[in-house]
Amino acid sequence: MSELMKASYPVEAADYTSAGSASADIKRRLKKLGISGDVLRRVAVASYEVELNLVIHSLGGVLDLSVYPEYVQLVSTDRGPGIPDLSLAMREGWSTANDEARSLGFGAGMGLPNMKRNADGFDIQSTVGVGTTIQMKFNLT
Ligand SMILES: Nc1ncnc2c1ncn2[C@@H]1O[C@H](COP(=O)(O)OP(=O)(O)O)[C@@H](O)[C@H]1O
Ligand SMILES: [Mg+2]
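These notes cover the structure that comes with them. Computed from a predicted structure; not experimentally measured.

What counts and how
- Residue numbers run consecutively from 1 along every chain, following the written order of its sequence.
- Naming scheme: in the order in which they are written, chains are lettered from A and ligands are numbered from 1.
- Thresholds applied to this predicted model are a pLDDT of at least 70 for local features of residues and 80 or more for the giving and counting of side-chain atom pairs; totals over whole chains, interfaces and linings are not thresholded and use all residues.
- The side-chain figures draw on all heavy atoms in the structure; neither hydrogens nor water molecules are used.
- Residue exposure (1.4 Å probe, protein chains only): buried if accessible area is under 20% of the type maximum, exposed if over 50%, otherwise partly exposed.
- The way it works is that DSSP assigns letters per residue, a run of H or I at least four long becomes a helix, a run of E at least two long becomes a strand, and they are numbered from the N terminus.
- Strand pairing requires that DSSP identify at least two bridges connecting the strands.
- What is meant by a nonpolar core is a set of buried Ala, Val, Leu, Ile, Met, Phe, Trp, Tyr and Cys residues, joined one to another through side-chain atoms within 4.5 Å.
- In what follows, residue pairs with any heavy atoms lying within 4.5 Å of each other are defined as contacts.
- Each salt bridge in this description consists of a side-chain nitrogen of Lys or Arg and a carboxyl oxygen of Asp or Glu lying within 4 Å of one another.

Here we look at the pairing of strand β3 (residues 71-78)
Thought 1: The buried fraction of β3 is high, at seven of eight residues.
Thought 2: The pairing of strand β2 (residues 61-67) with β3 spans seven bridges and is classified as antiparallel. Bridge pairing in β3 places Val67 opposite Val72.
Thought 3: Counted along the chain from β2 to the antiparallel partner β3, the turn is three residues long.
Thought 4: When β3 meets strand β5 (residues 131-139), the two strands line up antiparallel, connected through seven bridges.

Below is the structure:
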């Protein structure tokens, strides 16, 4: 199926000044395409959480947006420490955020659970010492 729109956002590690700019642009583009309401809200929440995780936890990565007639897809791919225990990472309140991130108000440990809750499809793959890939889908029909 051919996509209606595609965009790719490089996200740098520990760049707290730009943090949130990719997800803000995603929201703006989806609005322009006429996507609104519940789907727009859920994509906005999930894209913000996945972008912030790239900033806080990875060594840098890319957030890819694709919009198809039937769904919105977000794919996050990073280089980084990876996640040793995915079931622990998915738990509400679990966080390894460092002091800098915590001083800025991050580290509540709700990002991954919120992504899973808000997306219609959620898949996470991680290799320790290599990186993490997260794929999310949001149905439009
Ligand atoms: N891209 C990532 N690379 C490495 N670790 C990650 C990544 N995303 C999440 N994690 C791990 O999963 C934990 C939980 O993530 P999350 O639910 O978003 O909470 P928080 O970001 O507040 O720590 C993080 O503290 C971290 O240990
Ligand atoms: Mg997070």
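Still more to cover.
Concerning the nonpolar core
Thought 1: Core analysis: the largest hydrophobic core is formed by 25 residues, its most contacted members being Ile26, Leu30, Val43, Leu65, Val72, Met136 and Phe138.
Thought 2: Looking at this core, the elements with two or more residues in it are β1 (5-11), α1 (21-32), α2 (37-57), β2, β3, α5 (111-118) and β5.
Thought 3: No other element matches α2, which puts five residues into this core.
Thought 4: The contacts of Phe138, once residues within four sequence positions are left out, are Val39, Arg42, Val43, Ala46, Glu70, Tyr71, Val72, Leu74, Asn118, Ala119 and Asp120.

Looking at the pattern of salt bridges
Thought 1: Inspection of every chain in the model, using the stated rule, returns six salt bridges.
Thought 2: Between Arg41 and Asp38 there is a salt bridge; the shortest N-O distance is 3.2 Å. You can see Arg41 and its partner Asp38 sitting in helix α2, three residues apart, about one turn around the helix.
Thought 3: Arg41 sits in the partly exposed class, given a relative accessible area of 46%.
Thought 4: Judged by relative accessible area, Asp38 falls into the partly exposed class, the value being 42%.
Thought 5: Of the charged contacts in the structure, one is a salt bridge between Asp38 and Arg42, with a shortest N-O distance of 3.0 Å. Placement of both Asp38 and Arg42 in helix α2 is noted, with a separation of four residues, approximately one turn of the helix.

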